[in-house]
Structures are given as C-alpha cells and as structure tokens.
Amino acid sequence: MHTKEACVGERRLKECERGTTRIFFPLFLSHLQSWVCFSSLPSTGTKPSWIVQSAALPVDPIQENYVRQVRDCIFSVAYPTPFKSRVLLVAVSKVVLEEILDLDVSITETDDFLQFVSGGKVGIGFVPLAHRYGGHQFGSWAGQLGDGRAHMIGVYTNRYGERWELQLKGSGKTPYSSLVVSDDDVWRDQFYNGNVKKERGAVVLRVAKSWFRIGSLEILAHSGELDLQRSLLDFIIQEHFPSISMNDSNRYLDFFSRVVSETANLIALWMSVGFAHGVCNTDNFSLLSITIDYGPFGFMESYDPDFVPNTSDDERRYKIGNQANVGLFNLDKLLQALKPLLDSRQKQLAFQIVEGYSSHYYLHFTELFKAKLGFLGEGEDDYYLIAFLLRLMEDTKADFTMTFRQLSEITQDQLKELHIPKEYWALQDLAKHKFFSDWVTMYLLRLRRSRYTQERLWGSLCARICRESSGKKGQTVSNKGDSDSKRRKRMTSINPRYVLRNWMAESAIRKAEMNDFSGVHLLQQVLQHPFQRQSVAEKAGYALHPPTWAKDLKVSCSS
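Residues numbered from 1 in each chain as written. Predicted model: local features only at pLDDT ≥ 70, side-chain atom pairs only at ≥ 80, totals over all residues. Heavy atoms only, no water.

Per an unreviewed UniProt entry, the protein goes by the name Selenoprotein O and belongs to Alligator sinensis. UniProt, in the comment section headed Sequence similarities (unreviewed entry), describes the protein in these words: "Belongs to the SELO family." Comment text from UniProt for the protein, heading Cofactor (unreviewed entry), reads "Mg(2+)". (UniProt positions renumbered as here; feature names shortened; annotations may be inferred.)

Below, the discussion takes up the overall build of the protein. When its secondary structure is counted, the protein shows 20 helices and 16 strands. Here the protein holds 559 residues, and 49% of them are scored as buried. Put simply, of all contacts in the protein between residues at least 6 apart along the chain, 68% involve residues at least 24 apart. Per element, the accessible surface of the protein, about 26500 Å² overall, is 52% carbon and sulfur. (Helix = DSSP H or I, 4+ residues; strand = E, 2+ residues; numbered from the N terminus. Buried < 20%, exposed > 50% of the residue type's maximum accessible area, 1.4 Å probe, protein only. Contact = heavy atoms within 4.5 Å. Areas by Shrake-Rupley, 256 points an atom, 1.4 Å probe, with all protein chains shown as cover.)

This brings us to the packing of aromatic side chains. On inspection of all chains with the given rule, the structure shows 28 aromatic pairs. Between Phe-275 and Tyr-294, the aromatic rings sit 6.1 Å apart at their centres with planes inclined by 75°, giving edge-to-face as the arrangement. With Phe-275 in strand 13 (residues 275–276) and Tyr-294 in the loop between strand 13 and strand 14 (298–299), this residue pair connects regions lying 19 residues apart in the sequence. For Tyr-294, a relative accessible area of 39% puts it in the partly exposed group. Between Trp-503 and Trp-549, the aromatic rings sit 6.4 Å apart at their centres with planes inclined by 90°, giving edge-to-face as the arrangement. With Trp-503 in helix 18 (residues 502–512) and Trp-549 in the segment after helix 20 (535–539), this residue pair connects regions lying 46 residues apart in the sequence. (Phe/Tyr/Trp six-rings, centres within 6.5 Å; stacked < 30°, edge-to-face > 60°.)

What follows concerns helix 11 (residues 382–396). Relative to the 21 Å expected for 15 residues at 1.5 Å per residue, helix 11 spans 22 Å between its end C-alpha atoms, a close match to the ideal helical length. Every buried residue of helix 11 is listed here: Asp-382, Leu-385, Ile-386, Phe-388, Leu-389, Leu-390, Leu-392, Met-393 and Thr-396. Directly beyond the C-terminal end of helix 11, a positive phi value near 55° is found at Lys-397. (Expected span 1.5 Å × (residues − 1).)

Locating Ser-272 in the fold gives a position in helix 7 (residues 251–272). Given the relative accessible area of 5%, Ser-272 is considered buried. For Ser-272, the side chain forms a polar contact with the main-chain oxygen of Leu-269, separated by 2.7 Å. Once residues within four sequence positions are removed from consideration, Ser-272 is found in contact with Leu-368, Phe-369, Lys-372 and Phe-400. (Polar contact = N/O pair within 3.5 Å; in protein donor to acceptor, adjacent residues only side chain to side chain.)

The next subject is the confidence of the model for the protein. Residues of the protein with pLDDT of at least 70 account for 82%, and the chain-wide mean is 86. In this model residues 179–183 is a low-confidence stretch, pLDDT under 50, and it forms four contacts with partners more than four residues away in sequence or in other chains. Note on residues 450–474: pLDDT under 50 across the span, and 41 contacts to partners over four residues away in sequence or across chains. (pLDDT = per-residue confidence, 0-100.)

Here we take up the pairing of strand 6 (residues 140–144). Two elements, strand 5 (residues 134–137) and strand 6, share three bridges in a ladder whose sense is antiparallel. Looking across to strand 6, one finds that His-136 is bridged to Trp-141. Linking two consecutive strands that pair antiparallel, namely strand 5 and strand 6, is a turn of two residues; a positive phi of about 55° is found at Phe-138 within it. (Pairing = 2+ DSSP bridges.)

On to the pairing of strand 8 (residues 163–169). Of all seven residues in strand 8, six are buried; the element is thus mostly enclosed. For strand 7 (residues 150–157) and strand 8, the ladder comprises seven bridges, and the chain directions are antiparallel. Within the sheet, the bridge partner assigned to Met-152 lies in strand 8 and is Gln-167. The hairpin turn running from strand 7 into strand 8, its antiparallel successor, is five residues long, and Gly-161 in that turn takes a positive phi close to 80°. Sheet analysis places strand 8 next to strand 12 (residues 204–208), joined by five bridges and oriented antiparallel. Following the sheet pairing, Glu-165 is matched in strand 12 by Ala-208.

The following block contains the structure:
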C-alpha cells in the first residue's frame, strides 16, 4: 500500500510541476479516493449500491440513515445534509490548500469548491462515510458513540506521497447522531442548563492523517468482534506504522509501545504551551497521537494546575494538571482492548510498557521546559528550577504564555538588576513573589556557568532533597559558547507570543454573528506565525493582560 501511495505521490508531483505547483479542482476531485464506491450509479428513485474497496474496513449494509446500534462494520454510509439557505465561506487555510491538497487558493472563489466543503455535493461515484467507535467518557464506558455529525468525504494522496483524510464536521445526521438539528439553524443548550437557543449552522472541512482513535478499537473489543478488530488494527499498522513488519508476531505489542511513547510526548507538548484539551475521553484520543476533537479546549492564562476550560467537566477530571494521568488511563483502556489479541507473554510485556509511560512523560516534559528556559546541556537538577518557577507562577497567578515569552525577550542584565520594564507585565506580576530574586539568581547562574553544585544554589534543605532523589551531589551542565542574544533568539522561537485565548475567539465570534468575519481572519493571520511579533496583533491587544470580562467566559462540549 505504501509503494502504491508513493507512486501516486510521484505522479501527482509531476502533474503539479507542469508550469505550476497546483492542480485544478476537477483534477483534485478525480484523485480523491474512497474506501467505498458505487458498483452502479443510482437512477432517480432507486437506492445506490456499492462495493467495499478494502475488506479490512467493512461498511454497514443498512443504507437508511437513522439512529441505531450498529455492528460488524467500521463505517456506515451517510450523506451530508446540504444547507437550504445561502452558504458563505468564512475562512480557509492557504497552507492546507496549497501544501497539503495541492490546490491554488483561487479555487475558493468557485461555487464547486463551496459546495464541496459545505457538504452540498459529493464527488461523482463517491460514498461519504461516518465512522463507528465507542469510548470511555469521563471515566465510564459510554458504549457506541461514532461520528454523530461528521462525514468522511475523501482520502487524498498529495504530491509528497502523504495520505490525508478529509472530513466534514457539523454536516448533518448520521446513524450515530444524538443531536437535534433544524435545517440550517441548530438548537443548542450550550451549558446544559436548559437554556436552549437557536444558533447559525456551520460546517468545517478538516484534514488529518487518520481519524481512528482508541475508541475505534474499544467498540470492537466490547462487542466481541475480534476478527474485525484484528483486521482494523492490521490496516492501521500497515497504513500508518510502516516500520512495523506485518509478518512480526509482536506487531501489536510494537504498535502499543509506539502509541504509549507518542501519547506521552503529545501531552508533554500540550503542557509546554499551556493547552488544555478539555474532553480527554478515549473516543477523542488519536491512535496516531495527534490532537483531535478538542471542542471545549482552552489555553491557560494565569498559571493554575487546576485550570478546566470545559464547564461540562463538573468533577474537574480533565483539568490541565491531570492530563498526563488521564493519558495513562486512556492507554490502559487501549491495552484492555488489545488484550484479547495478545498472548500471555505479550500481555506481561505490554504492562511493562505502560508502566514506563510516566517516566517517559516526565523526561520529555523536562526537556521541553528546559528549552523554554533556554538551557543547554544536561543538568539532572534542572527539573527543580522548572518546578520552582511554576510554583512562583502559581502563587502570583502569573500569565503562563507571557511569562515564558517575556523571559525570552528580557536581557540577562535586566534580570540581574531586577529591573523589569513595564512592557514585561507578566514578569512584573511574577516579581511580586518574595522568592523571585532567589529564582533569578539560580536561573542566571544556570545560564552562565558550566559547573555548579546544588548545595551552593539551593541551600541545605533543597540540596538534601536533591541528593535523596538523585543520589548525586551536583551535576555538570554547559551553556559554553552561548550568548544572551543567542539565548533570546532560541527562546523566542519556541515560546509563542500569541495563543488562541478564549477571549480572542469570543471577540471574533461576536463579530461573526453580525456577519463581520474580520475577527476570524485576523486570528487566522496572527496564529499562522505565533512566535513572531506582529503589529496587527499588538494593536488588537493579543499580548496584553486579558480583559476583565474574559474571566466570565465559559465553554462546554456543546460550544
């Protein structure tokens, strides 16, 4: 399959290189692939019939689109519900169009494209699908879930040989739906408090390497469909884990090991930018360890390990400080789903793999935060400098994003003199802590010196804690050859100046409700380059203290 896709990619590259790097939309549609296609085109008043392209991914034989329990399949056929009123294209990613889908941005001005991305039309002979999966939601098995308002509308292999799955979200009813919709308007109880209101309907076309998630395997294990589970797992491995041999009897074990390590890496990356997913159910955790289905998410403003962006999370299960633990819970549920496919020796090894999750996570977490602070070299006790800073931030409610960004911009001389200019407002908040100067002293020594001992830096109590935990009295580190300008350049390249804060999104939404999409376009422009200072973003206040009204903002799974 990978050889075939490489050939497809080479052919596409040649097509794109003929005078232009883009292809026309009709050609794009002709290259769009499907797991299911018509065996014969339907005539008026008759039902379509189709054939399955891959036996590994069987489709529900029931053609009618009504809510039901589904068995013995991976997908159900479901067509998007077209809008009846006027459709507007609000925003589009030029990067996705040109770099992923080989299209020129000018195609967004055509009606064919508008109909395609809104679900108004599907490709000739193409059958859109809704994926069947289950999941643990807020810690409990929720049974069948599935794509309740999403439709897979194509698989595209681009000029680089990359395979991308195209999916519409918010595009109408499927056999897995649980929401009530009314033509073009949607009735939504945003905070689940009985205050139902009508909102404008919207559809988004999103792309990912795969939409399979932990719940994709869980539903098959819970239903006892082990042959189908094995077929799906083999398909996922062959398609997305090419380094794992399909002839290896330990391929499922190798697959699990990759998912464990990459999930740990992903959540550590979330933490490094203050990102709270909001609804870390197993049906929202990708088997490719990419970020998907993050509806009620939030970027933490004031540093708070108890930060919860989702008001639906009454028990604060998915607070930002618990995401690593939830990741472990989800991986354990994945292991439970895989156990029927493993022998006794493999099960024991799988348990050992999942036991190594925490150390893998903390190792990657520490490396990411060392980079955020500009550290070079290896210093085993760097974790304590990181933990000390986070405690100061928690006590002073310092802004997470701007604290690290402003540490990236301020000079070492300014820090040494404890002279914090007004523009570094997050550091001014942090400087109110009585131990701020102590941390600055330790931090500057770590940046400047190649050797130090914890005893000199931390005092007897902290040094004793360090010795007891590591068994070492000190650790050699090195920032040799570094300079303050190099440090600042390095740190500003990994500490964003702008993130999508809820108040910024809310401001854009309020304008959009009045048919003014300038706020959406501004956010899209700014967030394309979050590490670069931008005058339009500065003018909009995106790097300033959040407005006071932002504290009252709430989002939920229905937002």
